[in-house]
Amino acid sequence: RISSSQVAHRPLASCSQLCHTMLVRRMRFALALAAAVTSADVGAQPSPSQGSVRLAGGNTDAGRVELFYEGRWGWICLHQGETSEGHWSVDEADVICRQLGLRRGVSTMRMENGLGGEALPIFGAMCNGTESSLVECGLQVQDEEMPACQDDARLPAAAGIRCTNFVPEEQPQIAMSGAGLSLLLKDSAYRVACASEPVPQEANAAEKPTFQCVVHLDALDGGEVCTIDGPCGHNAVAPNPFEDVKALDAFVFKEPMDQCMQKTRSEFESAASRERLGQISGELQKAVRWSEIGLDLTCALPGRGGSRQCRHVSEDAGFDASELITLRSLYFSPIARLLFDLDSDVIGFTGRKAAVDTLAEALDRDGAREMFEALEEDGVAKLIDPGLSPSILSEALEALGESATADRLAAVRTPLPLLEDWLRSNTKLQVAIAAYFGGHAVLHGYKVVHLPAKLTPKAFISAHWHHDRAGRRLKLFILLNDVDEAEGHPTQVAKGSHKLSYYWHEDFEQSRYDDGYVQSKFETVKMAGNKGMAYIFDTNSIHKGTPEGSLGRNVIVVEYHQAAKCGLISTMGLNIPCPSGDQRPLNWHFSLDERLA
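In this text, all values refer to a predicted model and were calculated from it rather than measured experimentally.

Definitions and limits used
Residues numbered from 1 in each chain as written. Predicted model: local features only at pLDDT ≥ 70, side-chain atom pairs only at ≥ 80, totals over all residues. Heavy atoms only, no water. Helix = DSSP H or I, 4+ residues; strand = E, 2+ residues; numbered from the N terminus. Buried < 20%, exposed > 50% of the residue type's maximum accessible area, 1.4 Å probe, protein only. Disulfide = S-S within 2.5 Å. Axes fitted to C-alpha atoms, helices over the stretch in contact; angles between N-to-C directions. Parallel < 35°, antiparallel > 145°, perpendicular 65-115°, else oblique. Contact = heavy atoms within 4.5 Å. Pairing = 2+ DSSP bridges. Salt bridge = Lys/Arg side-chain N within 4 Å of Asp/Glu carboxyl O. Patch = residues over 30% accessible without salt bridge, like charges linked within 9 Å, V, L, I, M, F, W, Y side chains within 5 Å. Areas by Shrake-Rupley, 256 points an atom, 1.4 Å probe, with all protein chains shown as cover. Lys, Arg positive; Asp, Glu negative; His and termini not counted. Charge placed at Lys NZ, Arg CZ, Asp CG, Glu CD. Phe/Tyr/Trp six-rings, centres within 6.5 Å; stacked < 30°, edge-to-face > 60°. Lys NZ or Arg CZ within 6 Å of the ring centre and 35° of its normal. 1 Å grid on protein atoms, 1.4 Å probe; cavity = no way out; pocket = protein on both sides within 12 Å on 5 of 7 lines; lining within 4 Å. Points joined across faces, edges and corners; volume = space filled by probe spheres on them. Core = buried A, V, L, I, M, F, W, Y, C linked by side-chain atoms within 4.5 Å. pLDDT = per-residue confidence, 0-100. Arc of directions from axis to C-beta.

A. Representation of the environment of Ala 317. By the element assignment, Ala 317 lies in the loop between strand E15 (294-296) and helix H7 (321-331). You can call Ala 317 partly exposed: its relative accessible area is 25%. With 16 residues separating them in the primary sequence, Ala 317 and Leu 301 have C-alpha atoms 9.8 Å apart.

If you want it as structure tokens, here you go:
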């Protein structure tokens with residue numbers, strides 16, 4: 001053990017320090033691929049021994065680290081004294097993730113506290129990344145628990161990690177040019193643009209498709225300097241959503257969000273920001289739907305003026321690119337800006353969705369229009385009869401085994417050949433998804449998940465309203481048992497919230513929303529139904545697992561992203577679940593072009 005007096009402490013990044021955007025070391029190639037495809041109730045230890053680990057309060061690939069230490073399970077509280085914190089880095093995440101049977105650690109994070117009495121007298125660890133278990137590392141131990149560790153309402157203090165079964169080399173490849181990637185997070189004037197189409201295969205020696213991405217500087221000069229007082233005629237002052245203290249009512253975790261909003265407010269009100277506010281025209285301000293948590297830019301998209309949802313915007317309204325760039329720079333955090341750039345084709349500012357008619361032939365030919373339009377409008381589509389045979393459902397339930405009735409969250413990632421055949425052959429699903437992403441998509445993988453009969457937000461952070469902090473992506477949920485609307489813990493989705501570009505993405509508390517706020521702003525739908533039904537939804541939507549209920553739920557989860565997105569994020573090593581870590585990796589690329597050929 002290492003005492004507190006023997007260790008130089010490195011505090012975790014706060015909201016003002018880009019909030020957990022730690023770079024990840026390259027994959028250790030010695031890890032066996034089998035670890036990524038072996039069935040596992042992640043973290044389950046029927047007879048725990050000293051040093052056993054599990055994840056709690058999150059998901060099966062990310063959450064609060066709990067350690068079996070000196071005869072009991074407990075969590076690691078990072079507070080050491082009132083102002084210092086223990087060491088907690090990706091080295092520790094690597095060790096724990098491999099201990100859990102996953103391939104590597106992506107990042108660390110601070111999670112919601114466990115119950116105060118369950119905090120261990122450990123406030124950090126010192127691993128070199130090669131150990132086989134956490135207790136082989138030097139544990140930072142203190143004699144007394146800090147008051148903050150006893151207060152389960154205080155945030156954040158619990159040591160958390162994120163794991164993955166994916167590596168950049170297995171994603172569609174990215175060919176970078178222009179300025180360095182690091183500038184994207186340091187300077188709001190830099191942005192990344194990725195090609196909507198991959199490099200032609202005959203010019204590409206790689207097995208995976210390759211997308212060209214360019215980091216460039218947006219130089220908004222060469223004309224009059226507009227300020228909020230003129231002289232360019234844009235005299236309407238652009239809204240400041242960070243100045244109203246009532247905005248905190250939108251969030252579950254108000255204390256850390258108050259600190260984050262104070263800093264954001266200060267930056268927004270700086271002289272430089274005030275100068276750029278004048279570059280946002282009154283017409284664009286009218287087109288944007290402003291809220292406490294993000295911006296809905298739907299009515300600022302090409303061709304949307306005068307449509308059913310955008311009657312308040314003239315049909316011939318056109319917005320200069322510099323206005324949108326200014327919005328991005330002023331209102332979004334570094335990670336939010338990056339995701340906005342990468343989701344440009346999905347939102348519809350660039351690519352095929354900027355001219356909707358280019359999608360029509362494929363959508364009509366394969367009968368995918370209804371699914372596509374439901375995703376565009378609501379962010380969720382219900383598939384009453386997706387054509388799943390009983391043998392596919394049985395295959396998944398057999399993979400779950402005893403975990404299908406367990407009293408804790410569980411996930412298995414066993415190969416399911418019948419499911420994979422169905423995913424490959426379902427052209428309607430592929431067309432709707434590829435069109436939603438602007439032409440090219442990747443099916444990253446799947447897992448089979450069990451939610452226990454008893455759920456609380458303390459034990460399952462996804463029982464809070466939230467988005468997945470990954471921008472625009474799709475998940476397909478296939479119900480393996482009847483899911484009752486009242487008792488079956490159905491996932492709920494706030495319809496239309498997928499259109500929001502959120503102000504922040506760095507910390508999990510920035511993406512957890514108050515129930516009263518969500519219910520007052522959105523119509524919600526419960527993803528309940530009979531065994532064999534399916535739902536597909538954009539996890540940029542505000543959604544949650546219903547904590548109330550008395551029946552367990554078993555579901556297949558399949559995940560999709562726009563093709564170029566996760567390869568770039570993985571290369572940068574960011575704490576963004578793109579893709580989610582605990583899946584059977586497939587990384588199948590497909591496109592609309594394949595359907596039109």
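B. Quick peek at the state of the cysteines. The full count for this structure, using the stated rule, is five disulfides. One disulfide in the model links Cys 127 with Cys 137; its S-S distance is 2.0 Å. Since a negative S-S torsion denotes a left-handed disulfide, the Cys 127-Cys 137 link at about 105 degrees is right-handed. Residue Cys 127 is found in the loop between strand E8 (122-126) and strand E9 (138-141), and its partner Cys 137 is found in the loop between E8 and E9; the two are separated by ten residues along the sequence. Each member of the pair, Cys 127 as well as Cys 137, carries the same accessibility label: buried. One disulfide in the model links Cys 194 with Cys 213; its S-S distance is 2.1 Å. Linking Cys 194 and Cys 213, the disulfide has an S-S dihedral of approximately 110 degrees and is accordingly described as right-handed. With Cys 194 in strand E12 (residues 190-194) and Cys 213 in strand E13 (residues 210-217), the pair connects residues that are 19 residues apart, well separated along the chain. Using a relative accessible area of 22% as the deciding quantity, one classes Cys 194 as partly exposed. Taking relative accessible area as the criterion, Cys 213 reaches 0% and is therefore assigned buried.

C. Spotlight on the packing of helix H12 (residues 390-400) against helix H13 (residues 417-425). Taken N-terminus to C-terminus, the directions of H12 and H13 make an angle of 135 degrees; their axes are 8 Å apart at the nearest point. Taken together, the axis directions place H12 and H13 in an arrangement best described as oblique. Listed contacts from H13 to Ser 391, Ile 392 and Glu 395 of H12 are Pro 417, Leu 418, Leu 419 and Trp 422.

D. Summary view of the sheet that holds E13. Strand order across the open sheet formed by three strands is E11-E13-E12, with mixed pairing between neighbours. The open sheet has two edge strands with one neighbour each: strand E11 (173-178) and E12. When the angles between neighbouring strand axes are averaged without regard to direction, this sheet yields 25 degrees. Summarising the sheet, E12 and E13 pair through five bridges and their orientation is antiparallel. Note on E13: the bridge partner recorded for Tyr 190 is Leu 217.

E. Main features of helix H14 (residues 427-436). Burial within H14 is extensive, with eight of its ten residues counted as buried. By the burial criterion, the buried members of H14 are Leu 429, Gln 430, Val 431, Ala 432, Ile 433, Ala 434, Ala 435 and Tyr 436.

F. Representation of the pattern of salt bridges within the structure. Applying the stated criterion across every chain, the model contains 24 salt bridges. Arg 308 is the partner of Glu 377 in a salt bridge, and the nearest nitrogen-oxygen pair spans 3.4 Å. Of this pair, Glu 377 sits in helix H11 (residues 369-378) while Arg 308 sits in the loop between E15 and H7, and the two are 69 residues apart along the sequence. According to the relative accessible area criterion, Arg 308 is exposed, its value standing at 58%. In this structure, Arg 472 engages Asp 538 in a salt bridge whose closest nitrogen and oxygen atoms are separated by 2.8 Å. Here Asp 538 lies in strand E25 (residues 534-538) and Arg 472 lies in the loop between strand E19 (465-466) and strand E20 (474-479), a separation of 66 residues in the sequence. In this structure, Arg 472 and Asp 538 share a single accessibility class: buried. Here the salt bridges share partners, and the residues they tie into one network are Asp 468, Arg 473, Lys 475 and Glu 559.

G. Just a negative patch on the surface, in detail. Together, Glu 243, Asp 244, Asp 249 and Glu 269 give the surface a local cluster of negative charge. With respect to the element layout, Asp 244 can be found in the loop between E13 and helix H4 (254-268).

H. Inspection of the packing of aromatic side chains at higher detail. By the definition in use, this model includes 18 aromatic pairs. Among the aromatic residues, those joined into a cluster by ring pairs are Phe 242, Phe 251, Phe 268, Trp 290, Tyr 331, Tyr 502, Tyr 503, Trp 504 and Tyr 513. Taking NZ or CZ as reference, Lys 353 lies 4.5 Å from the ring centre of Tyr 436, over its face. A cation sits over an aromatic face here: Arg 424 above Trp 588, 3.7 Å from the ring centre.

I. Up close: the environment of Gly 63. Positionally, Gly 63 belongs in strand E3 (residues 62-69). Take Gly 63: its relative accessible area is 0%, and that puts it in the buried class. As a C-alpha pair, Gly 63 and Ala 159 span 96 residues in sequence and 8.5 Å in three-dimensional space. Once you skip the residues sitting within four places of it in the chain, Gly 63 turns out to touch Leu 55, Ala 56, Gly 58, Met 109, Met 111, Ala 159, Gly 160 and Ile 161.

J. Summary view of empty space enclosed by the protein. Applying the stated rule across the entire model yields five cavities of 30 Å³ or more. Empty space within the largest cavity amounts to approximately 560 Å³. Lining the largest cavity are 35 residues; nearest its centre among them are Asn 59, Ser 462, His 466, Asp 468 and Lys 475. Elements supplying a minimum of two residues to the lining of the largest cavity: E3, strand E7 (104-111), strand E18 (440-451), E20, strand E26 (543-545) and strand E27 (553-562).

K. Fine view of the nonpolar core. Formed by 47 residues in total, the largest nonpolar core has its most connected members in Leu 423, Leu 476 and Tyr 560. Examining the composition of this core, we find that seven residues originate from one element, H14, more than from any other.

L. Quick look at unusual backbone geometry. Each neighbour pair has its own omega, and for Cys 578 with Pro 579 the value is -5 degrees, a cis peptide bond. Summarising the element assignment, Pro 579 is placed in the loop between helix H16 (565-572) and strand E28 (584-591). For Arg 469, which is not glycine, the phi dihedral falls at a positive 60 degrees. Mapped onto the elements of the fold, Arg 469 is located in the loop between E19 and E20.

M. The arrangement of the confidence of the model for the protein in detail. The predicted model of the protein has a mean per-residue pLDDT of 83, with 83% of residues at 70 or higher. Every residue in residues 1-45 scores below 50 in pLDDT, and together they form 132 contacts with partners more than four places removed in sequence or on other chains. In the model, residues 220-235 has pLDDT below 50 throughout and makes 32 contacts with residues more than four positions away in sequence or in other chains.

N. Seen up close, H13. Among all positions in H13, only Leu 419, Glu 420, Trp 422 and Leu 423 are buried. Mapping the buried residues of H13 onto a view down its axis gives an arc of 160 degrees, with all of them on the same face. In H13, those exposed residues whose orientation departs by more than 90 degrees from the buried face are Arg 424 and Ser 425. Those residues of H13 that are buried are in contact with H12, H14, E18, E20, E27 and E28.

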